[in-house]
Amino acid sequence: MATPPEPPHGAAHPQFAAALRELSLDVEVRRFPDAARTAVDAAAAIGCELSQIVKSLIFEADGQPVLVLMDGASRVDTERVRAVLGASEVRRANASLVRETTGYAIGGVPPFGHRTRTRVLVDRGLLAHEVVWAAAGTPHTVFAIGPEALVRHAGGTLADVRERAA
């Protein structure tokens, strides 16, 4: 008896695979034998530049979750996020808020396909690449996507929210 073929997006987290189907987005999901929980680990596993890795980071802006998509070589400037949002306070969300908002654990949060729809800011620096790589719902899985498609599918707003070099 033949082994059935792996379903499309089979390596992705089931919630993220469902989001890909809903968006009719055909991407190849790559699975790594070892977890790539950091941008550095993911870039090494893929063989790409660190700045091609998309970090999907949840922040709290005046108590509301906000997703910031940032390249793997940069850090988010919470003061710039605060200014873009017109918020009084912005801080990094804790692990339980990340999971509650997205449905995923830190280290595997994809840029879309979350449990709760949130505001999304995408740092303009991601547009410098033809292809970027993002988590597919687990620390073991990634997928490639063009940055413009990433912004569109994430429902993001372009912003300059990276820390400036000192």
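Before going into details, it helps to say that this report is about the structure given with it. Computed from a prediction, not measured in an experiment: that's the story for all the values here.

### Thoughts on helix H3 (residues 78-85)
1) Next: Residues Arg80, Val81 and Leu85 constitute the buried set of H3. Looking straight down H3, one finds its buried side chains confined to an arc of 130 degrees; they lie on one side.
2) Next: In the core, the buried residues of H3 are packed alongside strand S2 (54-61), strand S3 (64-71), strand S4 (90-92) and strand S5 (119-123).
3) Next: Its side-chain oxygen placed 2.9 Å from the backbone nitrogen of glutamate 79, aspartate 77 serves as the N-cap of H3.

### Examining the packing of aromatic side chains
Think of a pair of aromatic rings as described by two things: how far the centres are apart, and how the planes are tilted against each other in angle.
1) Next: A full pass over the atoms with the stated rule returns three aromatic pairs.
2) Next: Measuring from ring centre to ring centre gives 5.4 Å for phenylalanine 16 and phenylalanine 112, while their planes differ by 40 degrees; the resulting arrangement is tilted. Taken together, the residues phenylalanine 16 in helix H1 (residues 14-22) and phenylalanine 112 in the loop between helix H4 (95-102) and S5 connect sequence positions 96 residues apart.
3) Next: For phenylalanine 16, a relative accessible area of 0% corresponds to the buried category.
4) Next: With 6.0 Å between their ring centres and 70 degrees between their planes, phenylalanine 112 and phenylalanine 143 make a pair best called edge-to-face. Of this pair, phenylalanine 112 sits in the loop between H4 and S5 while phenylalanine 143 sits in strand S7 (residues 141-145), and the two are 31 residues apart along the sequence.

### Brief notes about the nonpolar core
As a rule of thumb, soluble globular proteins bury nonpolar side chains together.
1) Next: Core analysis: the biggest nonpolar cluster contains 30 residues, and Phe16, Val29, Leu69, Phe112, Phe143 and Ile145 have the highest contact counts within it.
2) Next: At the level of elements, H1, S2, S3, H4, S5, strand S6 (132-135), S7 and helix H5 (147-154) are the ones that each hand at least two residues to this core.
3) Next: The element best represented in this core is H5, accounting for four residues.
4) Next: Core analysis: the next-biggest nonpolar cluster, separate from the first, contains 14 residues, Met70, Val81, Leu85 and Val161 among them.

### Notes on the environment of alanine 17
1) Next: Position of alanine 17 relative to the elements: it lies in helix H1.
2) Next: We classify alanine 17 as buried; its relative accessible area is 6%.
3) Next: Sequence separation between alanine 17 and alanine 35 is 18 residues; the distance between their C-alpha atoms is 19 Å.

### Regarding the sheet that holds S7
1) Next: Strand order across the open sheet formed by three strands is S1-S7-S6, with antiparallel pairing between neighbours. The sheet is open, and its two edges are formed by strand S1 (29-31) and S6, each paired on a single side. Between one strand and the next, the sheet's axes are offset by a mean angle of 35 degrees, whatever the strand orientation.
2) Next: Where S1 lies against S7, three bridges are found, and the strand directions are antiparallel. Directly across from arginine 31, in S7, lies its bridge partner threonine 141.

Criteria and thresholds
- Residues numbered from 1 in each chain as written.
- Predicted model: local features only at pLDDT ≥ 70, side-chain atom pairs only at ≥ 80, totals over all residues.
- Heavy atoms only, no water.
- Buried < 20%, exposed > 50% of the residue type's maximum accessible area, 1.4 Å probe, protein only.
- Helix = DSSP H or I, 4+ residues; strand = E, 2+ residues; numbered from the N terminus.
- Arc of directions from axis to C-beta.
- Contact = heavy atoms within 4.5 Å.
- Polar contact = N/O pair within 3.5 Å; in protein donor to acceptor, adjacent residues only side chain to side chain.
- Phe/Tyr/Trp six-rings, centres within 6.5 Å; stacked < 30°, edge-to-face > 60°.
- Core = buried A, V, L, I, M, F, W, Y, C linked by side-chain atoms within 4.5 Å.
- Pairing = 2+ DSSP bridges.
- Axes fitted to C-alpha atoms, helices over the stretch in contact; angles between N-to-C directions.

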